[in-house]
Amino acid sequence: MLYRVFGASELPALVSAFMESYEVVAPVKRGAHYSFEPISSPKEMDLAYDTTLASPKRYFLPPRETLMRYDAATNEVADFTEEVTPRVIFGAHACDINAINRLDLVFRDGRYPDPYYKARREATIIVGVSCTPDADCFCNLWDADEARFGYDLFLHRLGDKFLVSISSVEAANILESAVDLRDATDEDRIEFRHATRARQAAFNPDIPEIQDVAMLMDAFHSDPFWEEFGNRCLACNACAAVCPTCFCFDIQDVLDPNGQAGERQRVWDACTSPQFAMVAGGHNFRPTGRERVRHRMYHKLNGFLATYDRMLCVGCGRCVKACKADINPIRVLEFFEKKGAEGAC
């Protein structure tokens, strides 16, 4: 890994350099919250944010997108082509970069890559930035608090300078043209080590660190805990809307007003929706909140791990804030901690 250093005062120049050839999407403060939005000036960006309401996922997997158009009268189908915007996601935290890496496993790196996702992903440069966790962050528990790959540049703030990790030639060329770079010194590396330790110490110690979570999800699959959890669920799908790794979708055919032609669309869906597991004939494979909530948590903490060797949850804490019924992975960890304490008695 190549590390270089530049002054923090040069950050606007770097953003402006990217804006010459790319749409730059960055964290912007809106009222009391932050969101990833296209910016027209570096002044709009705020890298000191704690977390955004939603992740950058929608720039790779839009909430609604057209896959093809069809004409029922002529029985013709035409692939839908959309101009892909060259884009820079500037200021993504490590958890969001790790979330994109997980989406890559599903939509880009599998046996049948998704052409829509792949086109957007390949047209996007990702610039990460270090952060300080808030009380709801638990990315450290899932090994998602550091981004080891999946970015082009990663900026570590060290006082009045940035230590930057460089992972792509394209981003490196823009970086070198925009700022005055120097090689990292031993002093810079010591500062970086201290900053890393301070960030690690800032995680909420009250969030239980539980070993073998995936195994425990199997062991307590039938526990009454899931009944209580499911009865509280409002099926509002807020958790899936803000989650950076939820990728379930529905396919819908939308007719034009003439009723002859239309388009097929991919739309975000969620396994917490009561209709999600309903099939033809009216049978529902997960008819109760207990089954739906348990399935969501199982997929995040066990099922994806079994296939891809990593948790689907990246511990960003967005669902903790979004859920009005207090249903989230932290509560599952607390449940496992309680069961462990009971077993020790």
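> It is not clear to me how the overall build of the protein chain should be interpreted in this structure. Could you clarify?
Of regular secondary structure, the protein chain possesses 11 helices and 12 strands. With the C-alpha coordinates of the protein chain rotated into their principal frame, the extents come out at 70 × 65 × 40 Å. Sorting the 345 residues of the protein chain into buried and exposed places 48% on the buried side. Of all intrachain contacts in the protein chain linking residues separated by at least 6 positions in sequence, the fraction that spans at least 24 positions is 72%. Just so you have it, the protein chain exposes about 17000 Å², and 51% of that area is on carbon and sulfur atoms. Considering the protein chain, the positive charge centre built from 39 side chains and the negative charge centre built from 51 side chains are found 3 Å apart.

> Sorry if this is basic, but what is going on with the sheet that holds strand 8 (residues 153-158) here?
Where strands meet in a sheet, backbone hydrogen bonds hold them as pairs that are either parallel or antiparallel. Taken together, the 8 strands give an open sheet; going across it, the order is 3-2-6-7-8-9-1-10, and neighbouring strands pair in mixed fashion. Here the strands that pair on one side only, and so sit at the sheet edges, are strand 3 (33-38) and strand 10 (182-183). Pairing of strand 2 (residues 23-30) with strand 3, which is carried by 6 bridges, proceeds in the antiparallel orientation. Counterpart to alanine 26 in the pairing with strand 3 is glutamate 37. Of the strands in this sheet, strand 3, strand 6 (87-92), strand 7 (124-129) and strand 8 are in contact with helix 2 (residues 94-107), which crosses strand 7 at around 145°.

> Honestly, the nonpolar core in this entry has me stumped. Any pointers?
A general trend in soluble globular proteins is that nonpolar side chains are found buried together. Membership of the largest hydrophobic core comes to 30 residues, with the highest contact counts inside it found for Phe6, Phe18, Phe90, Leu155 and Leu175. Those elements giving two or more residues to this core turn out to be helix 1 (11-19), strand 2, strand 6, strand 7, strand 8, strand 9 (161-166) and helix 4 (169-178). Non-local contacts of phenylalanine 18, meaning those with residues more than four positions away in its chain, are made with Val24, Val88, Phe90, Ile125, Val127, Leu153 and Ile174. Membership of the second largest hydrophobic core comes to 26 residues, among which are Cys323, Ala325, Val332 and Phe336.

> What should I look at first to understand the pattern of salt bridges in this one?
On inspection of all chains with the given rule, the structure shows 29 salt bridges. Aspartate 145 serves as the salt-bridge partner of arginine 199, at 3.6 Å between the closest nitrogen and oxygen. With arginine 199 in helix 5 (residues 186-201) and aspartate 145 in the loop between strand 7 and strand 8, this residue pair connects regions lying 54 residues apart in the sequence. Salt bridges sharing partners connect three or more residues here, namely Glu65, Glu82, Asp114, Arg120 and Arg266.

> Sorry, what's going on with the packing of helix 1 against helix 4 here?
Helices that pack against each other are described as a pair by the angle of their axes relative to one another and the distance between those axes. Remark: helix 1 packs on helix 4, axes separated minimally by 9 Å, with the N-to-C direction vectors making an angle of 130°. As the angle between them shows, helix 1 and helix 4 are arranged oblique. Considering the relative orientation of helix 1 and helix 4, their crossing is right-handed. Of the residues in helix 4, those touching helix 1 at Ala13, Leu14, Ala17 and Phe18 are Ile174, Leu175 and Ala178. A breakdown of the residues in the contact of helix 1 with helix 4 according to their chemical character gives 7 nonpolar, no polar and no charged.

> For this particular structure, what's the right way to read the sheet that holds strand 4 (residues 64-71)?
What the 4 strands build is an open sheet, ordered 5-4-12-11; its pairing is antiparallel. The open sheet has two edge strands with one neighbour each: strand 5 (76-79) and strand 11 (249-255). Looking at each pair of strands side by side, their axes are set apart by 25° on average, direction ignored. Taken together, the 7 bridges between strand 4 and strand 12 (residues 261-268) define a ladder with antiparallel strand orientation. Within strand 12, the position partnered with methionine 68 by the bridge is arginine 264.

Cut-off values and rules
Residues numbered from 1 in each chain as written. Predicted model: local features only at pLDDT ≥ 70, side-chain atom pairs only at ≥ 80, totals over all residues. Heavy atoms only, no water. Helix = DSSP H or I, 4+ residues; strand = E, 2+ residues; numbered from the N terminus. Buried < 20%, exposed > 50% of the residue type's maximum accessible area, 1.4 Å probe, protein only. Contact = heavy atoms within 4.5 Å. Areas by Shrake-Rupley, 256 points an atom, 1.4 Å probe, with all protein chains shown as cover. Lys, Arg positive; Asp, Glu negative; His and termini not counted. Charge placed at Lys NZ, Arg CZ, Asp CG, Glu CD. Pairing = 2+ DSSP bridges. Axes fitted to C-alpha atoms, helices over the stretch in contact; angles between N-to-C directions. Core = buried A, V, L, I, M, F, W, Y, C linked by side-chain atoms within 4.5 Å. Salt bridge = Lys/Arg side-chain N within 4 Å of Asp/Glu carboxyl O. Parallel < 35°, antiparallel > 145°, perpendicular 65-115°, else oblique. Left-handed = near helix turned anticlockwise from the far one by under 90°. Nonpolar A, V, L, I, M, F, W, Y, C, P; charged D, E, K, R; others polar.

Coordinates in, geometry out; function isn't part of it.
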